[in-house]
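# Fold and geometry: a report
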Amino acid sequence: MSRNKNNNLIKLKRKARLDSTVIVFAIILIYVAVVVIMSFMKEPIPTYKVGSSNINSNISCTGIALRNEIEITSGKSGYMIYFVHDGDKIKKNAPVCSVDETGNIITAIQETGEGDEGNRLFTKNDYVRIRSSIDSYKSSYSDVSFSDLYNFKSEIESKVMELSSEVMLQQINAGGAQVSSTIQTIKATESGVITYYTDGYEAKTPETLSVEDFSKNNYKKQSLKSGDILESGSTVFKIVSDENWNIVCSINKKEADAIQKEEKVRFTINDSPNDVSSTYRLIPKEDDKYFLVLSLSKYMVEYIDDRFLNIEIILNKFEGLKVPNSSLLEKEVFKIPKEYINESEESQNKSVTVRRYDGSDNGIEPLVKSTAGDADIITPTASSGDSTIGLSTSGDALSPYATNTNATSTNASPVKAPAAPPDGASYKNQKVTLVVYKTDDKYYYVDEESFHDTDQIYTDNKQTTEPVLSLARDNLTGVYLANAGVANFIEVTIVKSQDEFTIVKKDENLKEFDIIVLDYTQVKENQSLY
């Protein structure tokens, strides 16, 4: 009997067993190779890491300082000797400088400076002032502004001579009547702030300025210092008698339009950490240029040595998360009233109950928005009198394809008309889990693709239904989040757009360091990115 059992066994040849094993492994190897090759051939989806940033619409421009500058001239020719420091305030009739017709006083000062007593001319604080001026120039130096070197040289020389004014005054007093006869003392004609330079802008006003006046290439500043030889009738110093002054900036029409929206203008001067608020006026010029006139009643003394000022007008500053414009897309969603939602669910997932045609999963596509040129377009309507909104009956089944022309839903968007279900088709109740992008006091904003276009959604009383085609719609702006390797749409709130990037609000759906799809047109929602 055992012999019969053995006779029923069919033994494969060893060669046949080897051939089948080789075939199976060959198929697996080919499959793996194809998958690897396809993965290499597939272009990777570019992504972008979100970071914090800001955009400002500030206006940077060059301003010209215009003050009430009174030029004081000399009645004699000779060497200038100044007693008052640049930028100091002085009373009316106080002595400011003297004209040395013979040059004896200047010679005595120079001889003192070259001797051992010269080291005692300046105090420690005097040296600190000179060193501070040099450091300030070095920190702001650039090759573009090399021409400012000559003005800087004159200013330093002027400061050095100013610091020796007390010694000069001592020499004059020690000379007695003989020296006094060759010296003309010039006094302040009124109280104000003393400054020692001329540049030809002293008599200019905002109305008489020209666009060419803003060019620094032709600007020449002549510093006045002790030891200079001046002719009779030359300007020896200036008095700024008024704290009120103007800063005039040259701007274009677009900038002028932006400024006109403001009651006052906030700005900074020479990159100061403190901003200034001022009234303003605009003066139209040729070639769509405008002069912005900023009126001030303080800070004049701080900038008395400056004709040109760096002005930054502060308009708005927008802070948030920086995303490329290519990442932003608009998505159309359904607005489902909150009373339609199954709020009794313990889960955070929201759902609604719909009547769904039994064959919709097999024969009817989910909702598809129409494209330009489609001929079959319908606009869903709603009936106000029937218990079932916008529905007609076909046998025992409800159909959303008959419309009521008496009332049209203004919020619904046109969609492709689906093929009507066959006669006698039946519906069943089905719970649909929603993809919720946003919520407010009245609505949930949900993904359209959760529904089929034959679905009828149960309303608040759960006794009547409404075709999903008649639901209100809205457009949400968002990006595709790629943290999990899948393109998931999330809504963002735009703060400010500029050039190729946009600032969106922080602390909403999108967070700093999130990964998003760089170009939304390269993917579809829920597409795997790897």
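Residues numbered from 1 in each chain as written. Predicted model: local features only at pLDDT ≥ 70, side-chain atom pairs only at ≥ 80, totals over all residues. Heavy atoms only, no water.

### Quick look at the overall build of the protein chain
Cut-off, in case you're wondering: Strands are runs of DSSP state E lasting at least 2 residues, helices are runs of H or I lasting at least 4, and numbering of each runs from the N terminus. Buried residues are those whose accessible area, probed at 1.4 Å on protein chains only, stays under 20% of the maximum for their type, while exposed residues exceed 50% and partly exposed ones sit between those limits. Contacts between residues were defined by any pair of non-hydrogen atoms, one from each residue, lying within 4.5 Å.
For the protein chain, the helix and strand inventory stands at eight helices and 35 strands. By the burial criterion, 40% of the 530 residues in the protein chain qualify as buried. By sequence separation, contacts in the protein chain at least 24 residues apart represent 78% of the contacts at least 6 residues apart.

### Here we look at a nonpolar patch on the surface
The test is simple: Note that patches include only residues with greater than 30% relative accessible area and no salt bridge, and the join distances are 9 Å for like charges and 5 Å for nonpolar side chains (Val, Leu, Ile, Met, Phe, Trp, Tyr). The method behind every accessible area is Shrake-Rupley, applied with a 1.4 Å probe, and residues are considered shielded solely by the protein chains displayed. We define a salt bridge as a contact between a side-chain nitrogen of Lys or Arg and a carboxyl oxygen of Asp or Glu at a distance within 4 Å.
Together, Val24, Phe25, Ile28, Tyr31, Val32, Val35 and Val36 give the surface a local cluster of nonpolar side chains, amounting to about 660 Å² of exposed area. Note on placement: Val24 falls in helix α2 (residues 14-41). Judged by relative accessible area, which is 45%, Val24 ranks as partly exposed.

### Overview of the nonpolar core
Stated formally: Joining through side-chain atoms within 4.5 Å is the link that ties buried Ala, Val, Leu, Ile, Met, Phe, Trp, Tyr and Cys residues into a set, and such a set is a nonpolar core.
Of all hydrophobic cores here, the largest spans 26 residues; its most connected members are Ile247, Phe267, Ile311 and Ile313. Taken together, the elements giving at least two residues each to this core come down to β3 (59-66), β14 (245-252), α7 (253-259), β15 (265-269), β17 (289-296) and β18 (308-314). Ignoring anything within four residues of it in the chain, the contact list for Ile313 reads Asn58, Ile59, Cys61, Ile259, Val265, Arg266, Phe267 and Leu292. Counting 18 residues, the second largest nonpolar core, distinct from the first, contains Val96, Cys97, Ile186 and Val236.

### So, unusual backbone geometry
In this structure, Asp271 is a non-glycine residue whose phi angle is positive, near 60 degrees. Positionally, Asp271 belongs in the loop between β15 and β16 (276-284). Although it is not a glycine, Asp507 sits at a positive phi angle of roughly 55 degrees.

### What to know about the environment of Lys431
Of note, Lys431 is situated in strand β26 (residues 427-433). Given a relative accessible area of 55%, Lys431 falls into the exposed group. Sequence separation between Lys431 and Val352 is 79 residues; the distance between their C-alpha atoms is 5.7 Å.

### Focus: the confidence of the model for the protein chain
The following threshold applies: Across the chain, each position has a pLDDT score giving the predictor's confidence in that residue, from 0 to 100.
For the protein chain, the mean per-residue pLDDT works out to 78, and 70% of the residues sit at or above 70. By mean pLDDT, the top-scoring element of the protein chain is β14 (96), and the lowest-scoring one is strand β22 (residues 377-378) (31). Residue range residues 368-419 is modelled with pLDDT below 50. Its contacts to residues more than four positions away, or to other chains, number 93 contacts.

### Concerning a negative patch on the surface
Defined as follows: In summary, the charge assignment counts Lys and Arg as positive and Asp and Glu as negative, without counting His or the chain termini. Charged groups are reduced to one reference atom each: NZ for lysine, CZ for arginine, CG for aspartic acid, CD for glutamic acid.
Side chains of Glu212, Glu286, Asp287 and Asp288 sit close together on the surface and give a patch of like negative charge. Relative to the elements of secondary structure, Asp288 occurs in the loop between β16 and β17. Classification of Asp288 by relative accessible area gives exposed; the value is 53%.

### Some words on the side chain of Asp100
Threshold: Whenever two N or O atoms come within 3.5 Å, that pair is a polar contact, provided that in protein one can donate a hydrogen and the other can accept it, and provided that, for residues adjacent in sequence, both atoms are side-chain atoms.
By the element assignment, Asp100 lies in strand β7 (residues 95-100). For Asp100, the side chain forms a polar contact with the side chain of Thr102, separated by 3.2 Å.

### Observations concerning the sheet that holds strand β34 (residues 501-504)
We count it as follows: Two strands qualify as a pair provided that DSSP identifies no fewer than 2 bridges between them. Every angle, taken between N-to-C directions, lies between 0 and 180 degrees, and every axis is a line fitted to C-alpha atoms, over only the stretch in contact when it is a helix.
In spatial order, the strands read β2-β19-β34-β33; together these four strands make up an open sheet with antiparallel pairing. Sheet topology places β2 (51-56) and β33 (494-498) at the edges, where each strand pairs with a single neighbour. Direction aside, the axes of adjacent strands within the sheet are offset by 45 degrees on average. Bridging between β2 and strand β19 (residues 317-324) involves six bridges; their strand directions are antiparallel. Paired with Asn54 across the bridge in β19 is Glu319.

### Points about the pattern of salt bridges
Applying the stated criterion across every chain yields a total of 18 salt bridges. Lys238 is paired through a salt bridge with Glu69; the nearest N and O atoms lie 2.8 Å apart. One end of the pair, Lys238, is in strand β13 (residues 235-240); the other, Glu69, is in strand β4 (residues 69-73), with 169 residues separating them in the sequence. As far as burial versus exposure is concerned, Lys238 and Glu69 are alike and both buried. Taking the shortest distance from any N to any O, the salt bridge between Arg281 and Glu207 comes out at 2.9 Å. You can see Arg281 sitting in strand β16 and its partner Glu207 sitting in the loop between β10 (197-198) and β11 (222-223), a full 74 residues away along the chain.

### Looking at the side chain of Arg356
Tracing the sequence through the fold places Arg356 in strand β21 (residues 351-357). Side chain to side chain, Arg356 and Asp455 meet in a polar contact 2.6 Å long.

### Re the sheet that holds β26
What the four strands build is an open sheet, ordered β26-β21-β29-β30; its pairing is antiparallel. Each edge of the open sheet carries a strand with a single partner, namely β26 and β30 (465-467). Going from strand to strand, the sheet's axes swing by 35 degrees on average, the running direction of each strand aside.

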